Amino acid sequence: MNFEPGEEQQLLAASVARLFEDHAAQLPVDPAAQWRDYRDIGLLGLPFAEASGGLGGGAEEVMLVMEAFGRALGRAPYPSSVLLAGRLLEAVGARDLLAGLIAGDRRPVLCLYEPGRRYRWDDPATAAERADDGWLLSGAKCAVLDAGPDSVLICPATTADGLGLFAVPPGTAGVTVDLLPTPDGRRAANVRFDAVALPADAGIGDPATNRTLLAAAIDGAIAATCAEMLGAMEKLLEITVDYLGTRRQFGVAIGSFQALQHRAADMLMAIEQARSMTIHAVAMLGAAGEERGAAVAAAKALVNRAARFVGQQAIQLHGGMGLTSEYPAGAYFQRLTVLENLFGDTDHHLDTVERAGGLKAA
Amino acid sequence: MNFEPGEEQQLLAASVARLFEDHAAQLPVDPAAQWRDYRDIGLLGLPFAEASGGLGGGAEEVMLVMEAFGRALGRAPYPSSVLLAGRLLEAVGARDLLAGLIAGDRRPVLCLYEPGRRYRWDDPATAAERADDGWLLSGAKCAVLDAGPDSVLICPATTADGLGLFAVPPGTAGVTVDLLPTPDGRRAANVRFDAVALPADAGIGDPATNRTLLAAAIDGAIAATCAEMLGAMEKLLEITVDYLGTRRQFGVAIGSFQALQHRAADMLMAIEQARSMTIHAVAMLGAAGEERGAAVAAAKALVNRAARFVGQQAIQLHGGMGLTSEYPAGAYFQRLTVLENLFGDTDHHLDTVERAGGLKAA
Amino acid sequence: MDLSFTEDERHFREAVRWTLVERVPRRIRDAVREEKPLPREWTVEAQRILNREGYAVPHWPLQWGGRDWSAVKRAILAEEIDRAGVPKPLPFNVALVGPVIAAFGSDEQKRRFLPPIANLDMWFCQGFSEPGAGSDLASLRMEAVREGDHYRVSGQKIWTTYAHKADWIFCLVRTGKGGRKHEGISFLLIDLATPGIEVRPIRTIDGYHHLNEVFFEDVRVPAENLVGEEGKGWDYARYLLGQERSSMGNVGFSRRRLDRAREIAGPLLDDPAWRRRLTWAEIELKALEITQMRVVANERPPSAGPDPKTSILKVKGGELLQVAAELQLDALGPEALTAGVPEGAGETLFQGLDARSAIVSAYFSSRKFSIFGGANEIQRNILAKAVLGLGKTA
Amino acid sequence: MDLSFTEDERHFREAVRWTLVERVPRRIRDAVREEKPLPREWTVEAQRILNREGYAVPHWPLQWGGRDWSAVKRAILAEEIDRAGVPKPLPFNVALVGPVIAAFGSDEQKRRFLPPIANLDMWFCQGFSEPGAGSDLASLRMEAVREGDHYRVSGQKIWTTYAHKADWIFCLVRTGKGGRKHEGISFLLIDLATPGIEVRPIRTIDGYHHLNEVFFEDVRVPAENLVGEEGKGWDYARYLLGQERSSMGNVGFSRRRLDRAREIAGPLLDDPAWRRRLTWAEIELKALEITQMRVVANERPPSAGPDPKTSILKVKGGELLQVAAELQLDALGPEALTAGVPEGAGETLFQGLDARSAIVSAYFSSRKFSIFGGANEIQRNILAKAVLGLGKTA
């Protein structure tokens, strides 16, 4: 074991941190230009194998990038398009779509959830039937982060042969994308597919293996989300400690009150434990299905709990200031609230751990 | 609503408080003499109707007595013999046994639990069969608080007609009473009945109604236990606050540290909420079965949680001193731990509340 | 000792419940239940109905609309109002400035202000907090200099709820210098239409506009708007804080939120973990309901200042509202992701705001319950010092 | 960056695990797993076995029995020892006094003390705490007055674990007056067989005898038993606290308790609430295991004093042991009622002590984990100040 990033990893971390901070300071935001920056610095290809046209970065590199992304409250569709949809495309061998993504030309997003089914994704009511020499896709998906008019929608659907995956290009007839604001000021969509006619090659992957590959892609994205939350929590604690040292009441810095000091110490401990579990999730990404799933779910559960605690207490320690939209603490709290929900809330992940029979000891 | 005790109630509370404190100071303890004091002050007849030879005290009076009992860490078998077994005897119309109890001559205790079945009491493996003109009773009971060689054992047992209740006098052949220490330094027993021959009139009550009456008696005893825990918690907080004001570290009373002040405030809040729920349980004792059961279970759950928190934090705030057997805090912690377990732990009672569909709002 | 509600109290509760449903339009109650932002005129409409029924100011002197009801009955009333989704009588009016005027105002002030305050013909907001004087109220700096028949007022208030809807503001201002921080503070009523006042919105993370900063620059306030004596403002503020606590625990509000959590839970009601959290919340709420009754039944003269045990109601009541908001949020599942509050929502009632957005917004907004009105940390200080007697020597 | 254990580390773990089971008698491991009080000779027996295997003092200088193992490996070793139910090498010997003698003792002291300390031929206890100086260690008062070739020592120590089993005690004593509280403190080794020493038991709520008061009245201690320089005792104590933290988190101990909770749970494993608490504990433990590795991997010179982040290990590790004890207690159900510890238990191993009594006893005793060795409140002070930099100006 060795927790220190190597030299190249340090360089990567520093350069993405700089980029994300620059982007965060940009006003007005130019999403297209930012996405080109992502491409130019190599982020779009980072997690993919060299054979897939990527840079062959590992889960550790992704962790470093996502920590920086979380610290800077990044808004680009990087986790949704590259780390989730992209990794899935690579796994199922959808080379053209993947190449388009790495080149910055296509933006795939995965339509995972359906209304009223909470976090269940592996048995979709959305279905695809063979029709003529293509497919007819029907169903409703919800809560698709970063979906937009230009997105390639990757849609899991039940087929006669198993779990199908369908790539639906922007502007396909019969597709309704209902864009809504997320609680942290980004955009997510509910999507309806009304008997959408797709060509035969819209079906990607293999219904016999899609479920397994999709589960792996989701676990990878969950680990990345843990890293993003970690970065956001660490930055939020820094902001809070700074405030405690600056703000004065009853004639002293409020950071001199023991009750507030102990709260900050509890936040620190929660974050350190969250970092450890994130490390564990990342280290286990290569393990076999259920063991990997339990480790990742355990990590998300613990990081979720930490995020709720750290987010709420950061607001509390800021007093009224934490509630205002102008002050940054609130935006971190909102982001953490969204990420806590992403890919399953705390109870959902604990259920997963328990179904797997608990965590395996070393 | 009116939460102030009336004049008579205040007198009762004051006189039992005095008695219990006298008893607590007595060394060596003379249990027989103490029990006579209970009789002489009227405590043995307190909760029973005048028609049953009692004093007609209500649940409020019992609450006042048990608070005082809890404050003084009373050791007499009052809750087990009078408030649980006695109330059951009254309910099933076992007048002779009840008269003996009120007179101080007999000490009944209820054998409620069986090994390996946790808190389930209503479907005992212990069974009684008709034999000649009497009964044969067989089975094992555990965790009978205050059982001793002189106890009349009241034993629920499955019979052909339903739930039977059997009164087993001291010294009956085939009965083994295994006396063990409780975690708070009292005595409890595991009891074995090996084909114990009992006369026909050993069966008390009516198998058709015993279960209902037993449930009511247990609920009454649970409410009394809540009051006992409340008294113990309040006294323990007083002891702790006293210590915080006296003990000095780093040149000041440790009660001046904000983190410790806030802990004490949290203990206070937990206790005040526990008092409110105890009041609720007492007020609902007259309600119908399931509504009463849910209210009482809810009270015990909340009081249990408060007791664990208050007990543990009292020890924490005392530092090493709290861990010693000489200092009183530890004895309160031990007592609260035992009472928390008595009649069901927190999860058990929450299950009961949920099975009843939750708490009914006013 | 009578640990249950009396027959009379139960009847009173039923009558109140019936009246509220009968008299207050459903559209208002539904909007409150769904925690949507209410148009000003609906709030006013509701309070006028309550006032007509004698429900707006029952704790005031009889002469000014009060009712001779016990504290327990007043607590029942407050609980039922909240629970029914009826907007509670504006606290700034009926629980804060009204009682101060009734106790310390001149006869002229009483006649002029009390009836419109009760009827919400005149909407007051509270000008206590200042930048740099939040929980440490006594260090406030807004200045009022006496000049003949008026005061010249300059300074700033912050966190002023509904200043943008209000007609008047009651302020603590500094009229004297030197001495201890608590001295030289006065209690002044200021018409927000007076020149020199600017109200600036503070946008909050729940997406709405409740809070404001209020700036005063050489504002001329008639001296007759001073309540009581100059320099006694701190005492009046203490009196005010000792006022009506019947709904301090927000019992009815939490009940409403938990009921709604049950409604929207669907299959989650069978999820043991979520269900258990709901069960705990319902038990805590039942306990709080009784703690609230115990505190209000223990009536004290208002001059004794607030009963320190009201701090328990404040902390526990706020925590329950927060827990209830979390239960609702978690019930949304992934669909919370599309439940942000759209830009500009709240200006008109239903603009783009679906029920899920209101739930997310309520979760964010509920953090305020442990911050405003004396942060929980301050409440714990009070409990430790005033109830437990700790730390007095340190 | 290598976030997993290396092949080499995994093999090391397996080898250690195998060796422990193979070499340490089962009767000892079973008694530890059931948390029964161990006879002195069993503790000694176990440590001699460990010492033979090179497991007792791997962090010591090579010359005195240390091994050239990485901090990660040492942490693995500590975890496996605890997990296997092998009594850990006596911390007072191997983690506290040993390293201080190795660093600051004379050559003569090293030769005389280090080998028997490693082999537990000489059992040390720690004389730091005094009545009135618990967490506030620097206000200690036990006095050592130099008189020719010896010190005359008078005073009292308290909370002295295993003083009744020990041969020697290492003490902080006051050799100088005036100046700051930290000055004038010296580090002295005292043979408990010296006349004038009395050890009195402190009975604790878990029913056993672990703790003692130790009284010193005009005890003559040879001057050669002074470690290092007179007046530098505070520095040595700081060094000592910065020593081996590989098992600070008690990861293996918690693992053992949680494993046992699972064993005794029976049908409770299907109870969603109890099961969920166990799941949380197992997740927290996994996190702590890695946090522990992160802290130990971040090797610092002992002279830098303790890494303030070890406070996290202390707090979280203690809390987990407490949670695990609660899970076991709650698994007993009503049968906990008959599981008190009989009077006089513990003097001999199995006297009247069944496994359930040991569980109840462990619950009571576990409260110590948040009290001794720097109470959790002190640890949070350290984290706030030394890691977060809060409150330095106050």
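If you're wondering where the values come from, they're calculated on a predicted model, not measured in any experiment.

Q: Can you help me understand the overall build of chain A in this one?
A: A count of helices and strands for chain A gives 11 helices and 10 strands. Taken over C-alpha atoms, the radius of gyration comes to 21 Å for chain A, in line with the 21 Å a tight globule of 362 residues would show. Considering only C-alpha atoms, chain A reaches an extent of 80 × 50 × 45 Å along its principal axes. By sequence separation, contacts in chain A at least 24 residues apart represent 71% of the contacts at least 6 residues apart. As displayed, chain A offers around 13100 Å² of accessible surface, 52% of which is attributable to carbon and sulfur atoms.

Q: Explain the overall build of chain C here, please?
A: Check the secondary structure of chain C and you find 12 helices and eight strands. Against the 2.2 N^0.38 benchmark of 21 Å for 394 residues, chain C shows a C-alpha radius of gyration of 21 Å, consistent with a compact globule. If one aligns the C-alpha atoms of chain C with their principal axes, the spans along those axes are about 70 × 55 × 50 Å. Residues counted as buried form 62% of the 394 residues belonging to chain C. Restricting to contacts in chain C with at least 6 residues of sequence separation, those with at least 24 account for 72%. For chain C, the exposed surface amounts to about 14700 Å²; the carbon and sulfur share of it is 49%.

Q: How should I be thinking about the interface of chain D and chain A in this particular structure?
A: Each side of the interface is counted separately: chain D has 44 residues, and chain A has 48 residues. Taken together, the two surfaces of chain D and chain A that pack against each other cover about 4200 Å², and 65% of this comes from carbon and sulfur. Three residues, M1, L3 and W280 of chain D, lead the burial of chain D against chain A; their summed loss comes to 20% of the area buried on that side. Applying the counting rule to chain D against chain A returns seven salt bridges. Between K309 of chain D and E272 of chain A there is a salt bridge, with its nearest N and O atoms 2.9 Å apart. The interface formed by chain D and chain A holds 20 residue pairs in polar contact (both at pLDDT 80 or more) in total. Sorting the residues of the side of chain D that touches chain A by element identifies helix 1 (7-23), helix 4 (71-84), helix 8 (251-265), helix 9 (272-297), helix 10 (310-332) and helix 12 (376-387) of chain D as the ones contributing at least two each. At 16 residues, the largest contribution of residues to the side of chain D that touches chain A is made by helix 9 of chain D. A class-by-class count of the residues in the side of chain D that touches chain A yields 19 nonpolar, six polar and 19 charged.

Q: Looking at this model, I keep getting lost on the packing of aromatic side chains. Mind explaining?
A: Summed over the entire model, instances satisfying the criterion amount to 50 aromatic pairs over all chains. With centroids separated by 5.6 Å and ring planes inclined at 25 degrees, the aromatic side chains of W35 of chain B and Y38 of chain B adopt a geometry described as stacked. One end of the pair, W35 of chain B, and the other, Y38 of chain B, are both in helix 2 (residues 31-40), three residues apart, so they sit about a helical turn from each other. Measuring from ring centre to ring centre gives 5.9 Å for Y243 of chain B and Y327 of chain B, while their planes differ by 70 degrees; the resulting arrangement is edge-to-face. Taken as a pair, Y243 of chain B in helix 6 (residues 210-246) and Y327 of chain B in the loop between helix 9 (320-323) and helix 10 (328-341) lie far apart in primary sequence, 84 residues in all. For Y243 of chain B, a relative accessible area of 11% translates into the label buried. Against the face of W42 of chain C rests R27 of chain C, its NZ or CZ located 4.9 Å from the ring centre.

Q: Even after reading the chapter, I still don't get the packing of helix 8 (residues 289-318) of chain B against helix 10 of chain B, so can you show me in this structure?
A: To describe two helices that pack against each other, one gives the angle between their axes and the distance between the axes. Residue and element names in this part refer to chain B. Contact pair helix 8 / helix 10: the axes reach a minimum separation of 9 Å and the direction vectors enclose 160 degrees. As judged from the angle between their axes, helix 8 and helix 10 are roughly antiparallel. As helix 8 packs across helix 10, the resulting crossing turns out to be left-handed. Two secondary-structure elements touch here, helix 8 through K300, N304, A307, R308, G311, Q312, I315 and H318 and helix 10 through A329, G330, F333, L336, L339, E340 and N341. Looking at the contact of helix 8 with helix 10 residue by residue, the classes come out as six nonpolar, six polar and three charged.

Q: Would you explain the pairing of strand 2 (residues 127-131) of chain A in this entry?
A: Looking along a regular strand, one sees the side chains alternate between the two faces of the sheet. Residue and element names in this part refer to chain A. Summarising the sheet, strand 2 and strand 3 (residues 134-145) pair through five bridges and their orientation is antiparallel. Within the sheet, the bridge partner assigned to A131 lies in strand 3 and is G134. Linking strand 2 back to strand 3 in an antiparallel pair, the connection comprises two residues, with D132 at a positive phi of about 50 degrees.

Q: How do you make sense of helix 12 of chain D when you look at a structure like this?
A: Each α-helix turn comprises 3.6 residues. Residues three or four places apart therefore point the same way. With 12 residues, helix 12 of chain D should cover 16 Å at 1.5 Å per step; its first-to-last C-alpha distance of 15 Å lies within 8% of that length. When we look at burial in helix 12 of chain D, the residues that qualify are N376, E377, Q379, R380, N381, L383 and A384 of chain D. Each element contacted by the buried residues of helix 12 of chain D is listed here: helix 7 (258-284) of chain A, helix 7 (258-284) and helix 8 of chain B together with helix 10 of chain D. Downstream of helix 12 of chain D by a residue or two, G389 of chain D has a phi angle that is positive, lying close to 70 degrees.

Q: Explanation requested: the interface of chain B and chain D in the structure shown.
A: Often, the extent of an interface is quoted as the loss of accessible area upon association of its parts. In this complex, chain B contributes 44 residues to the contact, which on the side of chain D involves 41 residues. Counting each side, the surface lost to burial between chain B and chain D is near 3500 Å², with a carbon and sulfur contribution of 59%. When the buried surface of chain B facing chain D is broken down by residue, R118, Q316 and L323 of chain B rank first, second and third, together holding 20% of it. For the interface between chain B and chain D, the tally reads four salt bridges. A salt bridge links D330 of chain D to R308 of chain B, with the nearest nitrogen and oxygen atoms 2.6 Å apart. Across the contact surface, chain B and chain D share 16 residue pairs in polar contact (both at pLDDT 80 or more).

Q: Explain empty space enclosed by the protein here, please?
A: Over the atoms, a rolling probe the size of a water molecule traces out where space has been left empty. Counted according to the given criterion, the structure contains six cavities of 30 Å³ or more. Put simply, the largest cavity is a space of about 260 Å³. Breaking the lining of the largest cavity down by element, the ones donating at least two residues are helix 4 (78-92), strand 1 (107-110), strand 3 (134-145), helix 6 and helix 10 of chain B. Counted by class, the lining of the largest cavity contains 15 nonpolar, three polar and two charged residues. Roughly 220 Å³ of volume is contained in the second largest cavity. For the second largest cavity, the lining is made up of 17 residues, of which L84, A143, L145, L342 and F343 of chain A are closest to its centre. Put simply, the parts of the chain that give the lining of the second largest cavity at least two residues each are helix 4 (78-92), strand 3 and helix 6 (210-246) of chain A. Here the residues of the lining of the second largest cavity sort into 14 nonpolar, three polar and no charged.

Q: Sorry if this is basic, but what is going on with the environment of G220 of chain B here?
A: On the secondary structure map, G220 of chain B appears in helix 6. On the accessibility criterion, G220 of chain B (22% relative accessible area) is partly exposed.

Q: Looking at this model, I keep getting lost on the environment of L388 of chain D. Mind explaining?
A: Looking at where L388 of chain D falls in the secondary structure, it is placed in the segment after helix 12. Setting aside anything within four residues of it in sequence, one finds L388 of chain D in contact with L237, V241, A264, A265 and L268 of chain A together with L383 of chain D.

Q: Would you mind going over helix 3 (residues 40-53) of chain D with me for this structure?
A: Residue and element names in this part refer to chain D. The first and last C-alpha atoms of helix 3 sit 20 Å apart over 14 residues, in line with the 20 Å expected at 1.5 Å per residue. Along helix 3, the positions that sit buried rather than exposed are W42, T43, V44, A46, Q47, I49 and L50. Among the structural elements, helix 1, helix 2 (26-33), helix 4, helix 5 (91-104) and helix 6 (107-118) are those in contact with the buried residues of helix 3.

Q: Help me understand the domain arrangement of chain A in this model?
A: All names here are of chain A. In terms of domains, chain A is made up of domain 1 (7-107), domain 2 (110-204) and domain 3 (210-355). Each side of the interface is counted separately: domain 1 has 14 residues, and domain 2 has 14 residues. In total, about 1100 Å² of surface goes out of reach between domain 1 and domain 2, with carbon and sulfur atoms giving 63% of it. Sorting the residues of domain 1 by area buried against domain 2 places R75, L88 and R107 first, and these three jointly supply 45% of that buried surface. In this structure, the connection of domain 1 to domain 2 is made through one salt bridge. Note that D150 and R107 form a salt bridge whose closest N and O atoms lie 3.5 Å from each other. On the surface where domain 1 and domain 2 come into contact, there are four residue pairs in polar contact (both at pLDDT 80 or more). When grouped by side-chain class, the residues that make up the side of domain 1 that touches domain 2 number nine nonpolar, two polar and three charged.

How each quantity is defined
Counting from 1, residues in each chain are numbered in the order their sequence is written. Chain letters and ligand numbers both follow the written order, the letters beginning at A and the numbers at 1. In keeping with the predicted nature of the model, local features appear solely for residues at pLDDT of at least 70, side-chain atom pairs appear and are counted solely at 80 or more, and the whole-chain, interface and lining totals rest on all residues. Working from all heavy atoms in the structure, the side-chain values ignore hydrogens and water. Elements are defined by DSSP. Helices are runs of H or I of four residues or more, strands are runs of E of two residues or more, and each kind is numbered from the N terminus. Taken over C-alpha atoms, the radius of gyration is set against a globule rule of 2.2 Å times the number of residues to the power 0.38. Pairs of residues are marked as contacts when any of their non-hydrogen atoms sit within 4.5 Å. Here, Shrake-Rupley sampling with a 1.4 Å probe gives the accessible areas, and only protein chains in the shown set may cover a residue. Under the scheme applied here, a residue whose accessible area is under 20% of the maximum for its type counts as buried, over 50% as exposed, and between as partly exposed, the area being computed with a 1.4 Å probe on protein chains only. Once two parts are brought into contact, the accessible area they lose, counted with a 1.4 Å probe and summed over both, makes up the buried area. Throughout this description, the term salt bridge denotes a Lys or Arg side-chain nitrogen within 4 Å of a carboxyl oxygen of Asp or Glu. Think of a polar contact as two N or O atoms within 3.5 Å of one another; within protein, one of them needs to be a possible hydrogen donor and the other a possible acceptor, and neighboring residues in sequence only count if both atoms come from side chains. Three classes are used, and their members are as follows: Ala, Val, Leu, Ile, Met, Phe, Trp, Tyr, Cys and Pro are nonpolar, Asp, Glu, Lys and Arg are charged, and the others, Gly among them, are polar. Side-chain rings of Phe, Tyr and Trp (the six-membered ring for Trp) are treated as a pair once their centres are within 6.5 Å; stacked means planes under 30 degrees apart, edge-to-face means over 60, and tilted covers the remaining angles. Criterion for a charge above a ring: Lys NZ or Arg CZ within 6 Å of the ring centre, and within 35 degrees of the ring normal. Orientation is described by lines fitted to C-alpha atoms, with helices fitted over the stretch in contact, and by angles between N-to-C directions that extend from 0 to 180 degrees. In these notes the angle categories are as follows: under 35 degrees is roughly parallel, over 145 is roughly antiparallel, 65 to 115 is roughly perpendicular, and the rest is oblique. Each helix crossing is assigned a hand: it is left-handed if the near helix lies turned anticlockwise from the far helix by less than a right angle, otherwise right-handed if that turn is clockwise. Should DSSP find at least two bridges between two strands, the strands are taken to pair. A helix's residues, less one, multiplied by 1.5 Å, set its expected span. Using a grid of 1 Å spacing that covers the protein atoms alone, one calls a set of points a cavity when a 1.4 Å probe fits there but cannot get out, and a pocket when the set is open and has protein on both sides within 12 Å along at least five of seven lines; lining residues are those with an atom within 4 Å of a point. Grid points are joined across faces, edges and corners, and a volume is the space filled by probe spheres set on the points. Where a domain begins and ends is set by an automatic assignment or by a domain database.

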